[in-house]
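Coordinates in review
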Amino acid sequence: MGIATLHALPRERQFFAKEETSFGTAAQPAATDALKVLPGTQFGAATITRTDRMDNRATRDLLERITGNIDPVEFTIETYIMPSGAAGTAPDCGPLLKAAFGVETVVGSTSVTYSTTDTQSAQKSLTLVDNMSYVVSQHLIGAIVDKVKISGSGGEPPKFTFTGRAKNHILTGRSTLSGAFAGSTVTVADGSMFRAGSLVAIIDPTTLAVVDSNSGAGFPVASIATNAVTVTGSPAGTDAADIMVPWTPSQTTAGSPLSGKDLTTCTIGGTAVRVMAWEVELDNGYNLHADEAGQQTFTDRDEGHRVITCKLTFKARQDWAVFMAERSEFGAHAIVLALNAGAGKILTISLPYTEYEYEQISAPDNGVATFALPGRALGSAGNDALTAAFT
């Protein structure tokens, strides 16, 4: 909180990811849809294309611009790898993993496994909510996870990095009320701080106590007419001193971050290797339907070719040089990475059919040379090139 006025503080973020029932229709988050995110988490700007009017005019000045489509909103979400702590219970980032992979298979009290699919309707869109200090909140509606990268280096905590694009962006601020009200329509001092789809509550500006938050769920904004904000539900009567603010439920999260030391298994073709750094990336190759006339934003997506890659970096030991020699044989090799901090805190990443690719040997002036072994994950029967299992 600033001395003179409130500021949005990223450390106070309340972040939520919820699967949508229907693409592009906002899903209202619940407490259990929360997850902790790292500072690299960012929503891109919601850009509306504006084209200069270029027909003849009696001046060198630009007189008018023409409004075009809303560009897809890019996003990046970074999280620590945090198993739930209970085998058979998905991690908090489970909706993001399911959206990226396509299939979440839960075996009670045993495992949660993420695997790929070719079924068009399986990979769902998400509603993402990022509320900072109840000062400003961003919603992404119709969010599609294009890529997920799982990575680690040395003793650093390993991470998930999700990137994608969303259909709509909703920015919500705060505004004082303009008198008491009853029913579902609330008059505020500045209605431009809200959008249809915003999630709001009413608070007392002096004590910051919640006046009405719809029992913690928040009130979805249905429509706005200048400064008249109509919500779903009927907030309790308040006075003109109260404030309408962006709202999210209280967070319910679980688990602790895994550490780099928890990488207890790394095998290449069955041979144990001590890696310095590692990464696995799944790229869904989605094509957005953003070229249809009469539509303000993209209307759908289709599945292109999926690309799964990996890269392992390790010291140039004589016995590990065999992996570099095997690159030109174009065989399919199993790579397994397991992070293990005990029961309920295990993540096993499997790429059963990996073809090695090429990268130069790094030879520093001082120290040991290093091998970098990139790879391309192949399938055998299909949808078996990559799995990530929590146990």
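A brief structural summary. (Residues numbered from 1 in each chain as written. Predicted model: local features only at pLDDT ≥ 70, side-chain atom pairs only at ≥ 80, totals over all residues. Heavy atoms only, no water.)

1. Quick look at the overall build of the protein
If you tally the helices and strands in the protein, you get two helices and 28 strands. Its C-alpha atoms give the protein principal-axis dimensions of about 75 × 60 × 45 Å. Out of the 391 residues belonging to the protein, those deemed buried represent 41%. Charge separation in the protein, taken as the distance between the mean sites of 28 positive and 39 negative side-chain charges, equals 3 Å. (Helix = DSSP H or I, 4+ residues; strand = E, 2+ residues; numbered from the N terminus. Buried < 20%, exposed > 50% of the residue type's maximum accessible area, 1.4 Å probe, protein only. Lys, Arg positive; Asp, Glu negative; His and termini not counted. Charge placed at Lys NZ, Arg CZ, Asp CG, Glu CD.)

2. Structural notes on the nonpolar core
Residues Leu96, Leu128, Phe160 and Phe314 are the most contacted members of the largest nonpolar core, which totals 55 residues. Every residue in contact with Phe314, bar those within four places of it in the chain, is listed here: Ile268, Val273, Arg274, Val275, Met276, Trp320, Phe323, Thr370, Phe371 and Leu373. Judged by nonpolar contacts, the second largest core, of 12 residues, contains Leu177, Val188, Ile202 and Val231. (Core = buried A, V, L, I, M, F, W, Y, C linked by side-chain atoms within 4.5 Å. Contact = heavy atoms within 4.5 Å.)

3. A few points about the packing of aromatic side chains
Scanning the entire structure with this criterion turns up nine aromatic pairs. Measuring from centroid to centroid gives 6.3 Å for Phe101 and Tyr114, while their planes differ by 50°, and the two rings are tilted. With Phe101 in helix α1 (residues 94–101) and Tyr114 in strand β8 (residues 111–116), this pair connects stretches of sequence that are 13 residues apart. A connected cluster of aromatic rings, assembled from ring pairs, spans Phe314, Trp320, Phe323 and Phe371. The lysine or arginine in question, Arg301, covers the ring of Tyr286, its NZ or CZ lying 4.4 Å from the ring centre. (Phe/Tyr/Trp six-rings, centres within 6.5 Å; stacked < 30°, edge-to-face > 60°. Lys NZ or Arg CZ within 6 Å of the ring centre and 35° of its normal.)

4. What about the environment of Tyr358?
Positionally, Tyr358 belongs in the loop between β26 (346–356) and β27 (370–377). Spatially, the C-alpha atoms of Tyr358 and Gly375 are 8.1 Å apart, while their sequence positions differ by 17 residues. Setting aside residues no more than four positions away along its own chain, Tyr358 makes contact with Arg327, Ser328, Phe330 and Pro374.

5. A short note on α1
The α-helix advances 3.6 residues per turn, and as a result positions three or four apart in sequence lie on the same side. Most of α1 is tucked away, with six of its eight residues classed as buried. What α1 keeps buried is the set Gly94, Leu96, Leu97, Ala99, Ala100 and Phe101. In the stretch just after α1, Gly102 is the one whose phi turns positive, near 115°.

6. Here's the deal with unusual backbone geometry
At Leu208, a residue that is not glycine, the phi angle is positive and equals roughly 65°. With respect to the helices and strands, Leu208 occurs in the loop between β14 (199–203) and β15 (210–212). Note on Leu208: relative accessible area 45%, which makes it partly exposed. A positive phi angle, near 55°, is found at Phe330, a position not held by glycine. With respect to the helices and strands, the residue Phe330 is situated in the loop between α2 (321–325) and β25 (333–340).

7. Here's the deal with the pairing of strand β21 (residues 275–283)
Pairing of strand β10 (residues 136–153) with β21, which is carried by seven bridges, proceeds in the antiparallel orientation. Counterpart to Ser151 in the pairing with β21 is Glu279. Bridge count for β21 against strand β24 (residues 307–315) is eight bridges, and the pairing is antiparallel. Counterpart to Asp283 in the pairing with β24 is Val307. (Pairing = 2+ DSSP bridges.)

8. Details of the pattern of salt bridges
For the structure on display, the rule yields 15 salt bridges. In this structure, Lys98 engages Glu19 in a salt bridge whose closest nitrogen and oxygen atoms are separated by 3.3 Å. Within this pair, whereas Lys98 is found in helix α1, its partner Glu19 is found in strand β1 (residues 13–19), the two being separated by 79 residues in sequence. Its relative accessible area of 30% is what places Glu19 among the partly exposed residues. In this structure, Asp146 engages Arg165 in a salt bridge whose closest nitrogen and oxygen atoms are separated by 2.9 Å. You can see Asp146 sitting in strand β10 and its partner Arg165 sitting in strand β11 (residues 159–172), a full 19 residues away along the chain. (Salt bridge = Lys/Arg side-chain N within 4 Å of Asp/Glu carboxyl O.)

9. Describing the side chain of Ser175
Here Ser175 lies in strand β12 (residues 175–176). Ser175 gets classed as buried once you look at its relative accessible area, which sits at 6%. From its side chain, Ser175 meets the backbone nitrogen of Asp190 in a polar contact 3.0 Å long. Ser175 has contacts with Val188, Ala189, Asp190, Met193, Phe194, Ile243 and Met244, leaving out every residue within four places of it along the chain. (Polar contact = N/O pair within 3.5 Å; in protein donor to acceptor, adjacent residues only side chain to side chain.)

10. Topic: the pairing of β11
Side chains on a regular strand alternate between the two faces of the sheet. The sheet contact formed by strand β6 (residues 73–80) and β11 spans eight bridges and is antiparallel. Bridged to Thr79 within β11 is Phe160. Alignment of β10 against β11, held across 13 bridges, turns out to be antiparallel. Across the sheet, Val145 pairs through a bridge with Gly164, a residue of β11. In this structure, the hairpin formed by β10 and β11 is closed by a connection of five residues, where Gly154 is found at a positive phi of approximately 55°.

Scope: geometric values only; no functional claims are made or implied.
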